[in-house]
Amino acid sequence: MSRRVALRLARLGFLDADGAGALLSGVPLSLWDAEANAPVDEGAAAVVAALGRSADPDAAVRALARAAEPELLDALRGDAALRARLTSLLGASPALVDHLAVHRGDWRALGGALDRPALPPAPLAELRAAYRRELLAIAGRDLVGDLELETVTEALADLADQTLRAALAIAQADLPAGVAPCRLAIIAMGKAGARELNYVSDVDVIFVAEPAGDADEQAALATATKLAAQTMRICAAVAWEVDAALRPEGKVGPLVRTLASHEAYYRRWASTWEFQALLKARPAAGDSELGRRYLDVIAPMVWTAAERADFVADVQAMRRRVVAHLPAGIAEREIKLGPGGLRDVEFAVQLLQLVHGRGDESLRVPATLPALAALRDGGYVGRDDALSLGDAYRFLRAAEHRVQLRRLRRTHLVPDDPAELTVLARAMGFRPDSRGDVRAVFAAEWALHAREVRRLHEKLFYRPLLSAVARVPSADLRLTTGEAGRRLAALGFADPAGALRHIGTLTAGVSRRAALQRALLPVVLSYLADAPDPDAGLLAYRRVSEALGTTPWYLRLLRDEGKVAERLAYLLGTGRYVAGMLERAPEALPLLADDQALRPRPADELSAAMIDAAARQPDAAAAVSVVRGLRRHELLRTAFADLLGLVDVATVGEAITTITEATLDAALRVARRSAGDPPIEFAVIAMGRLGGCEVGYGSDADVMFVYDGPPDAARDAQEVAERLRAQLRAPSADPPLDVDANLRPEGRNGPLVRSLASYSEYYSRWSSAWEAQALLRARFAVGDAALGERFTALIDPVRYPAAGLRADDRTEIRRLKARVDAERLPRGADPTTHVKLGRGGLADIEWTVQLLQLAHGHATAGLRTTRTLPALRAAADARLIEQRDAEALEGAWRLATHTRNAIMLVRDKADDQLPRQGRALLAVGRALGYPVGFDPGQVIDDYRRAARRARRVVERVFYG
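Residues numbered from 1 in each chain as written. Predicted model: local features only at pLDDT ≥ 70, side-chain atom pairs only at ≥ 80, totals over all residues. Heavy atoms only, no water.

## Section: the overall build of the chain
As a reminder of what qualifies: Helix and strand assignments come from DSSP, with helices taken as H or I runs of at least 4 residues and strands as E runs of at least 2, each series counted from the N terminus. Between the two quantities, the radius of gyration covers C-alpha atoms and the globule rule is 2.2 Å times the number of residues to the power 0.38. Charged residues are defined here as Lys and Arg on the positive side and Asp and Glu on the negative side; His and the ends of the chain fall outside this count. To locate a charge, the coordinates of NZ of Lys, CZ of Arg, CG of Asp or CD of Glu are taken.
Along the chain, the regular secondary structure elements total 43 helices and 12 strands. Here the C-alpha atoms of the chain give a radius of gyration of 40 Å, more than 25% beyond the 30 Å that 2.2 N^0.38 yields for 960 residues. Principal axes of the C-alpha set define a box for the chain whose edges measure 125 × 80 × 50 Å. With 127 positive and 125 negative side-chain charges, the chain shows a spacing of 2 Å between the two charge centroids.

Structure below.
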């Protein structure tokens, strides 16, 4: 063959251009004119071009030479569809080429539309040839894309059914005379049952039999067993192995059982994996009426299997075992069992079906792609996730098919030989591009799909919500029956009728949102049942859902992140504070998905965010509004973490203090700007709990205002302070922040703002013991830091007097405390459980610590702090108080502060009285961290015990 011819054929795709040229120009093909170096005619040109496009052009031309006959060559010239199918097949499947070389007329099966004739019960050689002919017809159309994947797998499954029926008919004809008559049904399982069969696969089956007429059962079973065994042998000789290992008891169990025996086994002994396998069961051959009866009996058990103990965990463990037993050397080449392979898709889809299909019959479909579509339509899988999984599944199945077609062998391994890998990639339709040669393109596509499958498998297969859904009884998955009210009452709902109305509103209609709610509500209700107030929780859930129901991420978040659904139900069923805030700030909900996101934000980061957000607004009202919205979001973050037990009470106080100061900082800048940015120094001094970094959810912001500037600056400072207070307490959907300046000199009767010089004069001339005590918590908060430092230096001699606490001042403080005890405790309050003013409560502990600070702060540096607990520890370190007494005070302070916060979270109203009984006490206990099912009386007992210990210390140390 001339070099000229070889070069041209090489450009057409032939690697062995000399060999291809000899075959194309020689007999019997005669498609190429060597002298003209061109095809002999237009028809020949089309054939040569088609051969060059095949997966293996050299193999394809050799195969055509083997199978060629004049009629075939003429047909190839004139029939474009036949030409594409046959040349693709010749280049992709040497095994089917071998069949064509022997059965030379079978190429006709590639013309026209796909026909699915029944296979006749013929001699084995004829049946085998007929099977291969049908396989050839499917493969040729598959390779050129004439058939969708679903059509290919269904055609292969139908061919398997025909083979089973033909084999059974042959077996029945071979039965000796006089055997006991029987009825035998062959139930297809696995991929055959789902009608998603491979080209080469074991066909999984189960045999079920019954006596015919008045035949003895055992004799009929013996006949059925002979038929089943012979059917299996015939199929193995014709096409593939028949695997009956999915039957009850597996390979050690009888090959054939009666329907009653099957039912008894599945009711009493079946394992989780057996019910998973039964998901795909389908009558395929034999007695169709018996096959239908089998499904009628077995199918209901399949859809209740998910309620079995540890069902979800069992299925997940099965998948892990498969992966663990996969040899490391081939794992990366495994299309089926490897990471990101077909089995990952199938297991994820099947688990979702089995768990959710109990209550949603639309999911009860056996095949993977239709099941995935049903899961998507039902809202159990997101649309993007379903699209990605479907695309990956089609890619992987196509690769599996191309690998199996090469030798018609049962394999799921991508070849490691470069030449074979090239053939596979070309058979998949890939060509070189910017990613590299055809092998590189295939590898890139495979890696992309495998990564996506791995990601989605982890997301869906190990979705936390699945285990929770599985634990809900099937009866509770349908909440609109007459039994629903009684079931809701049993779950702890005090108003079942109201609960049903909420459920009806949430699930009404045929929207995707309603479908998702129908899937979520059984689990949400089971979580709410563990909350202190399920009714309030369900109402709040409805309101939050209505606020966010049209937002695409909301229900996906609850569905995909089981932790969020559980946490949300607990939070909404425990406290009104979170429920009310979340209705107005539902965008905070994603915080529940990540423990790290619930950690308090650093002060500088939060302050910068608020200042920046305010600066972008067009006017003062809008600026403060956005700041207050951010404050609400951060308060929710803290409340979430608090109720979930992720932060301790001291951290909560510090977090709310940080939020409050960041709010004041941003609002002060807005106030100064709106007041014309007067040329004065202005600082906000934190007092009370704000100064002590112990702010609670219901606390005001106790402050004093100080300024420095020219003699006429008082009016400007007054305006800034008034604007700041007004903006933060103005009516709004966001919670107000009341800026309380009543701890200033002369209280409400004194000026709202004083200059630094005025403070200096006042404290040097008029300061009383209680004011010195109040100043123990004073510290610079926001504004001009230098001014704040000068103010702190000014008040230090007042609160830490160099001579210590005078005897008359000590007497005055004790007298004031006695008045507080006698006059400020609300009428009817229980002094043993009032967390602020009761015996051993916050006031007792804090006044005791403050007395020690006033008396010894000048000499003990550790006492010069605005915080209660650090001051208490410093007093113990300085041996001003016994260590065990300090521990008793700290324990009581922590419990009282935590209880005060819990009461606010539960009631959404500041209150210092521990509830005496009922759901409020139960909710406070849960907010304090007591477990589900605890005795509410334990909360009161524990509080009183801690308070009594603290009170004994107070009487010794404070009253002396």
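After that view of the structure, there is still more to cover.
## Let's talk about the packing of helix α18 (residues 368-377) against helix α19 (residues 383-407)
For any two helices packed against each other, the geometry comes down to the angle between their axes and how far apart the axes lie. Using the following cut-off: A fitted line through C-alpha atoms serves as each axis, taken over the contacting stretch for helices, and the angle formed by two N-to-C directions is quoted from 0 to 180°. By the definition adopted for this analysis, an angle is roughly parallel if under 35 degrees, roughly antiparallel if over 145, roughly perpendicular if from 65 to 115, and oblique otherwise. Throughout, a contact is declared for two residues whenever any of their heavy atoms are within 4.5 Å. Gly is put with the polar residues, along with every residue not named as nonpolar or charged; the nonpolar set is Ala, Val, Leu, Ile, Met, Phe, Trp, Tyr, Cys and Pro, and the charged set is Asp, Glu, Lys and Arg.
Running from N to C, α18 and α19 cross one another at 170°; their axes reach a closest spacing of 9 Å. Compared by their axis directions, α18 and α19 come out roughly antiparallel. Judged by residue contacts, Thr368, Leu369, Leu372, Arg376 and Asp377 of α18 engage Arg383, Ala386, Leu389, Gly390, Tyr393 and Arg394 from α19. Taken together, the residues of the contact of α18 with α19 break down into 5 nonpolar, 2 polar and 4 charged.

## Looking at the packing of aromatic side chains
The criterion, for reference: To pair, rings of Phe, Tyr and Trp, with the six-membered ring standing in for Trp, must have centres within 6.5 Å; the planes then decide the type, stacked if under 30 degrees apart, edge-to-face if over 60, and tilted in the middle.
Scanning the model with the defined rule gives 15 aromatic pairs in all. Both rings, one in tyrosine 759 and one in phenylalanine 791, keep their centres 5.1 Å apart while their planes meet at 85°; by these two values the pair is edge-to-face. One end of the pair, tyrosine 759, is in helix α35 (residues 756-765); the other, phenylalanine 791, is in helix α37 (residues 785-799), with 32 residues separating them in the sequence.

## A look at the packing of helix α8 (residues 124-143) against helix α11 (residues 217-238)
Stated precisely, the cut-off is as follows: Should the near helix be turned counterclockwise from the far one by less than a right angle, the crossing is left-handed, whereas a clockwise turn marks it as right-handed.
For the pair α8 and α11, the least separation of the axes is 9 Å and the interaxial angle reads 60°. If you check the angle between α8 and α11, you find them oblique. For the element pair α8 and α11, the recorded crossing hand is right-handed. Mapping the contact onto sequence places Leu124, Leu127, Arg128 and Tyr131 in α8 and Ile234, Ala237 and Val238 in α11. Split into classes, the residues belonging to the contact of α8 with α11 amount to 6 nonpolar, no polar and 1 charged.

## Concerning the environment of arginine 53
Within the fold, arginine 53 resides in helix α3 (residues 42-53). Residues arginine 53 and aspartate 612, spaced 559 residues apart in sequence, show a C-alpha to C-alpha distance of 62 Å. Other than its neighbours up to four places away in sequence, arginine 53 contacts Arg426 and Arg431.

## Points about the pairing of strand β4 (residues 203-211)
Stated precisely, the cut-off is as follows: The buried label goes to any residue with under 20% of its type's maximum accessible area, the exposed label to any with over 50%, and the partly exposed label to all in between, with areas taken from a 1.4 Å probe on protein chains only. Two strands are said to pair when DSSP picks up at least two bridges between them.
Counting buried residues along β4, 8 of its 9 residues qualify, which places the element largely inside the surrounding structure. Inspection of the sheet shows strand β3 (residues 182-188) paired to β4 by 7 bridges, in the antiparallel sense. What sits directly across from isoleucine 187, in β4, is isoleucine 206. In this sheet, strand β5 (residues 242-243) lies alongside β4 in parallel orientation, the contact comprising 2 bridges. Each residue of the ladder has a partner; that of valine 203, found in β5, is valine 242. Bridge count for β4 against strand β6 (residues 256-258) is 3 bridges, and the pairing is parallel. Bridge pairing in β6 links alanine 209 to threonine 258.

## Let's talk about the pattern of salt bridges
The cut-off we apply is this: A pair is scored as a salt bridge if a Lys or Arg side-chain nitrogen falls within 4 Å of a carboxyl oxygen belonging to Asp or Glu.
Considering all chains together, one arrives at 71 salt bridges under this definition. Here aspartate 158 and arginine 195 are joined by a salt bridge, their closest N and O atoms 2.9 Å apart. On the criterion of sequence distance, the pair formed by aspartate 158 in helix α9 (residues 149-173) and arginine 195 in the loop between α10 (190-193) and β4 is long-range, its members being 37 residues apart. Overall, the relative accessible area of 27% leaves arginine 195 in the partly exposed class. Residues joined by salt bridges that share partners form a network here, namely Lys817, Asp821, Asp844, Arg951 and Glu955.

## Thoughts on helix α1 (residues 3-11)
Note the following rule: This arc corresponds to the set of directions leading from the helix axis out to the C-beta atoms.
Of all the positions in α1, only Val5, Ala6 and Leu9 are classed as buried. The arc that holds every buried residue of α1, seen down its axis, measures 100°, which confines them to one face. Residues of α1 that are exposed and point over 90 degrees away from its buried face: Arg3 and Arg11. In this structure, the buried side of α1 is in contact with α2 (17-25) and β1 (32-33). A positive backbone phi angle near 115° is found at glycine 13, which sits one or two residues after α1.

## A closer look at helix α12 (residues 259-268)
Looking only at α12, the buried set comprises Leu259, His262, Tyr265 and Tyr266. Seen from one end, α12 has its buried residues packed into an arc of 130°, which puts them on one side. Of the residues in α12, the exposed ones pointing more than 90 degrees away from the buried face are Ala260, Arg267 and Arg268.

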